[in-house]
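Chain by chain, the residues run as shown.
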Amino acid sequence: MDSFEFNKIAGAVLGTALLVFGLNELSKIIYHAPEPEKQGFAVEVAEAAATGEAAADAAPAAPAESLGTMLASADATKGQAVFKACAACHDGSKGGPNKVGPNLWGIVGRNHGVHEGFAYSDAMAALKDKPWDYEALNTFIANPKGAIKGTKMGYGGLKKDADRANLLAYLQTLSDSPVPFPAP
Ligand code: HEC
C-alpha cells in the first residue's frame, strides 16, 4: 500500500515534470522561431498531435472486431492455458465435479445456473431460461459482476480480447456436440 502510494506520488511528480518540460520546449519552438510562418506551423503540429492522442485514447472503447471475427482466428490450445485461471474453481471434464464453481462441460449452449448439484446465487438462478451463447459468455467473463449483478463468481474478469477469444474456443471443445461460432 505504502509503495503503491509512493508510486502514485512519484508518477504524478514525474508526469508534472514532463508536462512542464514539454510545454517549455513547445513554447521555445513557438516563440523562438525566426519567421512568422514557422510560428503558425509549430502550433498546427501541436494541435494535430493533441487530436491524434485523443483519438487513440478513445479507440479501445469500441471493439475493433466482431466476436465472430475474433473467434474465427482464436486458438483453443492457447485457450486451454488461459483456462488455468478458471481451473482453481471450475472443472471442465465430462461428468467432472463441481468445485467452488460449477462444472463447465457443455457450458456453451447450456442454460444459466442449471448444473446439477451446484448452489447458484439467486442472480444466476434467475437466468435459468437463458442459454449461454458466445456473446453472453464473452460479456460475463470480461466482467462477471458487471454482467450479472449479484453473481457469486469471485473473479475480477479477463480483460484482454484475445485471451477471451482463445478461452471461448477452448470452452467450445468441452462438449460432445460443439456449438459453432457466430458468423464473423
Ligand atoms: C474464485 C472462483 C472462480 C473463478 C476463478 C472462476 N469462476 Fe466461474 N464461477 C464461480 C462461481 C462460484 C460460479 C457460480 C456463480 C453464481 O452462482 O452466481 C461461477 C459461474 C460460472 C459460469 C456460469 C456457469 C453456469 O452453470 O451457469 C461460467 C460460464 C463461468 N463461471 C466461467 C468461468 C471462467 C471461464 C473462468 C475463468 C476465466 C471462471 N469462471 C473463473 C467461481 C469462479
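Above this note sits the structure.
Treat the numbers as computed from the prediction; the structure is a model and nothing was measured.

The rules behind each value
- Residues numbered from 1 in each chain as written.
- Predicted model: local features only at pLDDT ≥ 70, side-chain atom pairs only at ≥ 80, totals over all residues.
- Heavy atoms only, no water.
- Donors = N, O, S within 2.8 Å, 3.2 Å for Na, K, Ca; no water.
- Buried < 20%, exposed > 50% of the residue type's maximum accessible area, 1.4 Å probe, protein only.
- Helix = DSSP H or I, 4+ residues; strand = E, 2+ residues; numbered from the N terminus.
- Contact = heavy atoms within 4.5 Å.
- Core = buried A, V, L, I, M, F, W, Y, C linked by side-chain atoms within 4.5 Å.
- Near = heavy atom within 4 Å.
- Polar contact = N/O pair within 3.5 Å; in protein donor to acceptor, adjacent residues only side chain to side chain.
- Nonpolar A, V, L, I, M, F, W, Y, C, P; charged D, E, K, R; others polar.

A. Broad picture of the coordination of the iron atom of the ligand. With distances of 1.9 to 2.1 Å, the protein atoms coordinating the iron atom of the ligand are His90 (NE2) and Met153 (SD). Judged by its relative accessible area of 11%, His90 is buried. On the basis of relative accessibility, which here comes to 21%, the residue Met153 falls in the partly exposed class.

B. A look at helix H7 (residues 134-142). Along H7, 7 of the 9 residues are buried, which leaves the element largely enclosed by surrounding structure. Within H7, the full set of buried residues consists of Tyr134, Ala136, Leu137, Asn138, Phe140, Ile141 and Ala142. Taken together, the buried residues of H7 touch helix H3 (67-72), helix H6 (122-125), helix H8 (144-147) and helix H9 (161-173).

C. Here's a closer look at the environment of Gly156. Here Gly156 lies in the loop between H8 and H9. Overall, Gly156 belongs to the exposed group, its relative accessible area being 59%. Discounting residues that sit within four places of it in the chain, Gly156 has contacts with Ala142, Asn143 and Pro144.

D. Structural view of the nonpolar core. Of all hydrophobic cores here, the largest spans 26 residues; its most connected members are Trp132, Leu137, Leu168 and Leu171. If we skip the residues at most four places from it in the chain, Leu137 touches Ile107, Val108, Trp132, Leu168 and Leu171.

E. Quick look at the site of the ligand. Inspection of the region around the ligand gives 26 residues, with Cys86, Cys89, His90, Ser121 and Met153 positioned closest. Within the side chain of Trp132, a nitrogen or oxygen atom sits 2.8 Å from an oxygen atom of the ligand. The contact in question runs from an oxygen atom of the ligand to an N or O atom on the side chain of Thr151, over 2.7 Å. At the level of secondary structure, the elements contributing two or more residues to the shell around the ligand comprise helix H5 (84-87) and H7. Among the elements that make up the shell around the ligand, the one with the highest residue count is H7 (3 residues). Looking at the shell around the ligand, its residues break down into 17 nonpolar, 7 polar and 2 charged.

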